[in-house]
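Tertiary structure, described
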Amino acid sequence: MKLLLISPLASKSFLGGDFYFRLPYLGLLKVASLTPPDWDVSIVDEKVESLDLKLEADLVGITAMTPAVNRAYEIADSFRSRGMKVIMGGMHVSKLPDEALKHCDSVVIGEAEQLWDTALEDFKKGELKRIYRHENGFPSLANFPAPDWRLYEGKRYLPVHFIETTRGCPHNCEFCSVTNSFGGKFRNRPVDEVEKEIQNLKPFEGMFVLKNGVFFVDDNIISNRVHAKELLNRIIPYNLKWTGQASVNIAKNDEILELCKKSGCIGLIVGFESLSQGNLANMGKTFNTPDNYIDVIKKLHDYGIGVTGAFVFGFDHDDESVFDRTIEFVIKAKLDVCYFSILTPYPGTRVYSQMLQEGRIIDHDWSNYNTNNVVFMPKLMKPEKLFDGFHYALKESFSYTAIFKRLWGNGTYKNFFYPMNFGFRQTVRKTIKNKQDFYYGQGSDS
Ligand code: B12
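On to the sheet that holds strand β4 (residues 85–89). The six strands are arranged β2-β1-β3-β4-β5-β6 in an open sheet whose pairing can be described as parallel. Both outer strands of the open sheet, β2 (40–45) and β6 (131–132), are each paired with one neighbouring strand and no more. Contacting β1 (2–7), β2, β3 (59–63) and β4, helix α1 (residues 26–33) crosses the sheet at an angle of about 165 degrees to β1. Against the sheet, helix α5 (residues 116–125) touches β3, β4, β5 (106–108) and β6, its axis set at about 160 degrees to β5.

This is the structure we're talking about:
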């Protein structure tokens, strides 16, 4: 039996098919790893290769984040028109299964673990159900089969392995999809299993390439301090160069920072989100205090850890001054990379319910839900000001002068952060060049 798994391209996305974001998609590797061996599995990721809609398969599985879901539906319609069964999964369709079922035969809601084998058995019996969901809470993360990275050989992704050690998050920030998708508790994978997965990774080849590059996809690598310490201690011998995500709270824990350094951490993405305490209070992220941000960044830099600071524009306390303040901040703080998004109300999030209730959604075209478009009516500025301000902030923060000011003398791993900034700069310039005049109210419902 032949299973074709597809990751569609979100063509309008800032982080779409651009070279610098040719990152492997872990979700489909996990689905592939849960597939019994009598299936012949292949994966097509439109980010790095084109999809032949005439391919033959017994079953097609499609994933999609919100900005890629229209394309996912197009693909699903096409395969179904040739009589093939299509199952969809992933964050977006898990929130809106009825929308997805207009385009596919079946939806797996939430995590594939403990559902996928049943769906495949039902398919073989010709008894595919419309919906598969977890009836008894979230699945345990123990005894996962390891992803088989050979499925991605030859796809010319950037050289980095993605590894997951936890799922879930208790913070439930208003704009984030993680709590409503993976639950409000951190679930940790057994450290033995993560270590084994790392042991079995094949180093990347080639000149100027990090051989042992790993990105931990966890939303917060230090979510459970005991688990984090055990994990970091265990991975020290593997000479990784790893990056991951953490909350500002990591700066309070020197022991963990020391372990991060020893285990090869070169950078962390930190969600600062906003410089406004009012915004942070609204979103429920009160452990972030803008007055301490510079100290947090300095502390990480002292351990040689680069900081990618993530900021979101368009919250209810943001007026047009937010852009200059943020540009000034990222330069002063010597952030290694800054990552800006326009607030985007993803289905399932608190901000989505709020915007719907307040009648503030102005664009219903999912392909614009990519964090570089304005799909809602901001409170303190016109949507076009938010749109232009976002592009202005990107342009100013990735000028050559700003890059050098940010990176000069901050103590982090330059062989990684200079190329990353120059790459990001190219993507930014391309995004700005291709940006259309802002329009709104023209998006259609899917
Ligand atoms: C790594 C990552 C990225 C990377 C790599 C993306 C990639 N190619 O993998 C980069 C940086 C490129 C990226 C980009 C973006 N990302 Co991102 N990303 C993540 C992150 C941190 C981890 C993803 C991951 O590997 N998860 C672990 C895997 C195992 O989970 P999974 O993919 O959900 O898969 C499981 C299930 O969903 C299900 N499943 C998934 N697909 C399918 C398909 C089938 C057939 C079946 C049966 C089951 C199934 O089974 C899997 C195993 O249980 C998540 C947060 C998170 N915790 O998930 C955000 C997240 C997925 N990203 C998000 C967003 C918004 C984006 C962007 C749109 C915007 C942005 N500014 O970041 C862009 C868009 C990219 C694009 N394609 O256009 C949102 C998605 C919200 C939504 N409604 O779609 C998330 C949840 C972040 C958040 N905090 O809200 N991202």
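The subject of this paragraph is the domain arrangement of the protein. For the protein, the assigned domains read domain 1 (2–132) and domain 2 (159–434). Each of domain 1 and domain 2 has a C-alpha centre, and the two are 27 Å apart. Counting residues at the interface gives 19 residues for domain 1, matched by 21 residues for domain 2. Counting residues per element, the ones that place at least two in the side of domain 1 that touches domain 2 are α2 (69–81) and α3 (91–95).

What follows deals with the sheet that holds strand β7 (residues 161–163). If you walk across this open sheet you meet the six strands as β7-β10-β11-β12-β13-β14, and the pairing is parallel. Two strands close off the open sheet at either side, each with one partner strand: β7 and β14 (337–342). Neighbouring strand axes in the sheet, compared pairwise and without regard to direction, differ in orientation by 20 degrees on average. The pairing of strand β10 (residues 213–216) with strand β11 (residues 241–246) spans three bridges and is parallel. Bridge pairing in β11 places Phe215 opposite Thr243.

The local shell around the ligand holds 40 residues, among which Ala10, Gly27, Gly61, Thr63 and Gly89 are the closest. Put simply, the parts of the chain that give the shell around the ligand at least two residues each are α1, β3, β4 and α3. Considering only residue class, the shell around the ligand consists of 22 nonpolar, 13 polar and five charged. Of the residues that make up the shell around the ligand, three or more belong to each of domain 1 (2–132) and domain 2 (159–434).

Even without being a glycine, Gln114 presents a positive backbone phi close to 70 degrees. Take Gln114: there are 15 C-beta atoms within 10 Å of it, and that puts it in the partly exposed class. Even without being a glycine, Lys334 presents a positive backbone phi close to 60 degrees. Tracing the chain through its elements places Lys334 in the loop between α12 (322–332) and β14.

Scoring rules and cut-offs
Residues numbered from 1 in each chain as written. Predicted model: local features only at pLDDT ≥ 70, side-chain atom pairs only at ≥ 80, totals over all residues. Pairing = 2+ DSSP bridges. Helix = DSSP H or I, 4+ residues; strand = E, 2+ residues; numbered from the N terminus. Contact = placed C-beta atoms within 7 Å. Axes fitted to C-alpha atoms, helices over the stretch in contact; angles between N-to-C directions. Domains from an automatic or database assignment. Near = placed C-beta within 6 Å. Nonpolar A, V, L, I, M, F, W, Y, C, P; charged D, E, K, R; others polar. Buried ≥ 20, exposed ≤ 12 C-beta atoms within 10 Å, placed from the backbone.

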